[in-house]
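Results of the structural survey
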Number of protein chains: 2
Amino acid sequence: MDTSADGAVVDDAVAEGAVAGGLSIGGVVRATGMSVDTLRFFEREGLLLRPVPRNAAGRRVYEQADVDWLSLVARLRASGMPVATVARFAALVRSGPGNEALRLELLREHERAVRERIAALGADLEIIQGKVAVYERHVREGTAAGLWAPTPSVPADAP
Amino acid sequence: MDTSADGAVVDDAVAEGAVAGGLSIGGVVRATGMSVDTLRFFEREGLLLRPVPRNAAGRRVYEQADVDWLSLVARLRASGMPVATVARFAALVRSGPGNEALRLELLREHERAVRERIAALGADLEIIQGKVAVYERHVREGTAAGLWAPTPSVPADAP
DNA sequence: GCTTGACCTGGACCGCACTCCAGCTCCTAG
DNA sequence: CTAGGAGCTGGAGTGCGGTCCAGGTCAAGC
């Protein structure tokens, strides 16, 4: 069997997104839930730890480690870290050992931001719950206290 | 003293954003923390309960009730409700009594969304904390386990 | 009388994070 | 042999949520 030129040996593995010891972009899509476009976009923006290697046909060949990294990237993005910041973090990791303190600093700062965001959402949630309670009472009992009138300024109830 | 044409009587009250029984847009800026542009944008988008009335010079005159409403709007926006949805809610309130059940539904749905968001952020936070812990250990002890290598694929530690 | 500051309008512009598209190359299955 | 599917590139387009700007009106203070 041909061991050189890529694209041999691979039979039904292709159907699962595998490409001779690696994953096709479609495989990564299935593994991460990201879209093909997003994956290519992230790569262009330097969010990956390396330019993804290509096979003989010019197609991307990912490895499990890329998927693992992308899973972290997904968490960072989902928790509100801007693409540019993920790129900075990736650049630190990419440039090898020696800057762990910087990576830690970046992660800690993000952790702080996420905590803050959660706290703020919690506060907002309380207000919203209060409103929901007011409307529940109103719908149940017909009380209008605390409801907004179509035009403000008359008796001005509790907001 | 002149009681007709606006703009009389108001002496140093102007300096506080008051405009004869109302607030100038600047006053509302100070009260809500929103920018002048945002206030006008929100008005155009129908996020207010009414078109804000103007004085003789064509300037907006807000009332406390507008500020109260805007404070709620700020919470809704801050907690991730899209402008268009706030507009729908405002439209319901604007159209007067009778649709309280709809308003309640909208608020409940948003409450659910916020809870979900908080939960998701909590999950992301745990992952991030895990990473922080790994880096802290590394920076303290020089252990490299669990750290990302510049190029993936070698031994592939725990993500 | 002139400047200054707050405010007005309509419309252009921005940053972010994707998302879509045209036009092309491969590979494989029928 | 041909059709179809997956992938490629560079670049344009999108949706959201504001933000900025030019050019103008007022009212007040010097």
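Description of the structure in this document. (Residues numbered from 1 in each chain as written. Chains lettered and ligands numbered in written order. Predicted model: local features only at pLDDT ≥ 70, side-chain atom pairs only at ≥ 80, totals over all residues. Heavy atoms only, no water.)

Describing the nonpolar core
As a reminder, the rule being used: We define the nonpolar core as a collection of buried residues of types Ala, Val, Leu, Ile, Met, Phe, Trp, Tyr and Cys that are connected through side-chain atoms lying within 4.5 Å of one another. Using a 1.4 Å probe on the protein chains alone, a residue whose accessible area is under 20% of its type maximum counts as buried, one over 50% counts as exposed, and one in between counts as partly exposed. Boundaries between domains were set according to an automatic or database domain assignment. Any two residues whose heavy atoms approach within 4.5 Å at even a single point are treated as in contact.
Grouped together as the largest cluster of nonpolar side chains are 75 residues, with contacts concentrated most on W69(A), F89(A), W69(B) and F89(B). Here this core spans two domains, and each of domain 1 (1-96) and domain 2 (99-146) of chain B adds at least three residues to it. For F89(B), the residues in contact, after removing those within four places along its chain, are Y135(A), W69(B), L72(B), L76(B), R103(B), L106(B) and L107(B).

What to know about the protein's contact with DNA strand C
How we decide: Being near a molecule or strand, for a residue, comes down to having at least one heavy atom within 4 Å of it. We define a polar contact as two N or O atoms separated by no more than 3.5 Å, with the added condition that, inside protein, one atom must be a possible hydrogen donor and the other a possible acceptor, whereas residues neighbouring each other in sequence contribute only through side-chain atom pairs. By the criteria applied, helices consist of DSSP H or I runs no shorter than four residues and strands consist of E runs no shorter than two, each listed in order from the N terminus. Under the scheme applied, nonpolar residues are Ala, Val, Leu, Ile, Met, Phe, Trp, Tyr, Cys and Pro; charged residues are Asp, Glu, Lys and Arg; polar residues are all the others, including Gly.
Inspection of the region around DNA strand C gives 19 residues, with R77(A), S24(B), R40(B), R59(B) and R60(B) positioned closest. For DNA strand C, the fraction of atoms within 4 Å of the protein that belong to sugar or phosphate moieties is 74%. Within the side chain of D37(A), a nitrogen or oxygen atom sits 3.3 Å from a base nitrogen of DNA strand C. Contact between DNA strand C and S24(B): a phosphate oxygen at 2.9 Å from a side-chain N or O atom of the residue. Broken down by secondary-structure element, the contributors of at least two residues to the surface near DNA strand C are α2 (36-44) of chain A together with α1 (25-32) of chain B. Looking at side-chain class alone, the surface near DNA strand C contains six nonpolar, six polar and seven charged residues.

Remarks on the packing of aromatic side chains
Aromatic ring pairs are described here by two measures, namely the spacing of the ring centres and the angle between the planes. Residues and elements named next belong to chain A. The cut-off we apply is this: Classification of ring pairs rests on two measures: the distance between centres of Phe, Tyr or Trp rings, Trp counted by its six-membered ring, which must be within 6.5 Å, and the angle between planes, read as stacked under 30 degrees, edge-to-face over 60 and tilted in between.
Tallying each qualifying case throughout the model produces four aromatic pairs over all chains. Between F41 and F42, the aromatic rings sit 5.9 Å apart at their centres with planes inclined by 45°, giving tilted as the arrangement. Of the residues examined, F41 reaches a relative accessible area of 33% and is grouped as partly exposed.

Description of the relation of the copies chain A and chain B
Operational definition: Here the copies are matched by least squares. The fit uses the C-alpha atoms of residues with pLDDT of at least 70 in both.
Rotating chain A by 180° about the axis while translating it 0.0 Å along that axis superimposes it on chain B, leaving an RMSD of 0.0 Å. As the rotation angle and translation indicate, the two copies are arranged about a two-fold axis. Residues of chain A ranked by C-alpha distance from the rotation axis are headed by I118(A), positioned 2.9 Å from it. Comparing interface residues between copies, 98% of those in chain A also lie at the interface in chain B; the contact surface is shared.

A few points about the interface of chain A and chain B
Where the parts come together, the accessible area they lose is often given as the size of the interface. As a reminder, the rule being used: By convention, the term buried area covers the 1.4 Å-probe accessible surface removed from two parts as they join, with the contributions of both added. Think of a salt bridge as a Lys or Arg side-chain nitrogen and an Asp or Glu carboxyl oxygen that are within 4 Å of each other.
The interface is formed by 50 residues belonging to chain A together with 49 residues belonging to chain B. Surface buried jointly by chain A and chain B totals about 4800 Å² across both partners, of which 72% is contributed by carbon and sulfur atoms. Here chain A is connected to chain B by four salt bridges. Taken together, chain A and chain B are joined by ten residue pairs in polar contact (both at pLDDT 80 or more). Secondary-structure elements contributing two or more residues to the side of chain A that touches chain B are α3 (64-78), α4 (83-94) and α5 (100-141) of chain A. Sorting elements by how many residues they give to the side of chain A that touches chain B places α5(A) first, with 26 residues. Along the lines of polarity and charge, the residues of the side of chain A that touches chain B split into 27 nonpolar, eight polar and 15 charged.

Observations regarding the protein's contact with DNA strand D
Around DNA strand D sit 18 residues, and of these G26(A), R40(A), R59(A), R60(A) and R77(B) come closest. Considering the 4 Å shell around the protein, atoms of DNA strand D inside it are sugar or phosphate in 72% of instances. R59(A) places a polar side-chain atom, nitrogen or oxygen, 2.8 Å from a base nitrogen of DNA strand D. Interatomic distance of 3.3 Å between a side-chain N/O atom of D37(B) and a base nitrogen of DNA strand D. For the surface near DNA strand D, the secondary structure elements donating two or more residues are α1 (25-32) of chain A together with α2 (36-44) of chain B. The biggest single contributor to the surface near DNA strand D is α2(B), with four residues. The residue inventory of the surface near DNA strand D, partitioned by class, reads five nonpolar, six polar and seven charged.

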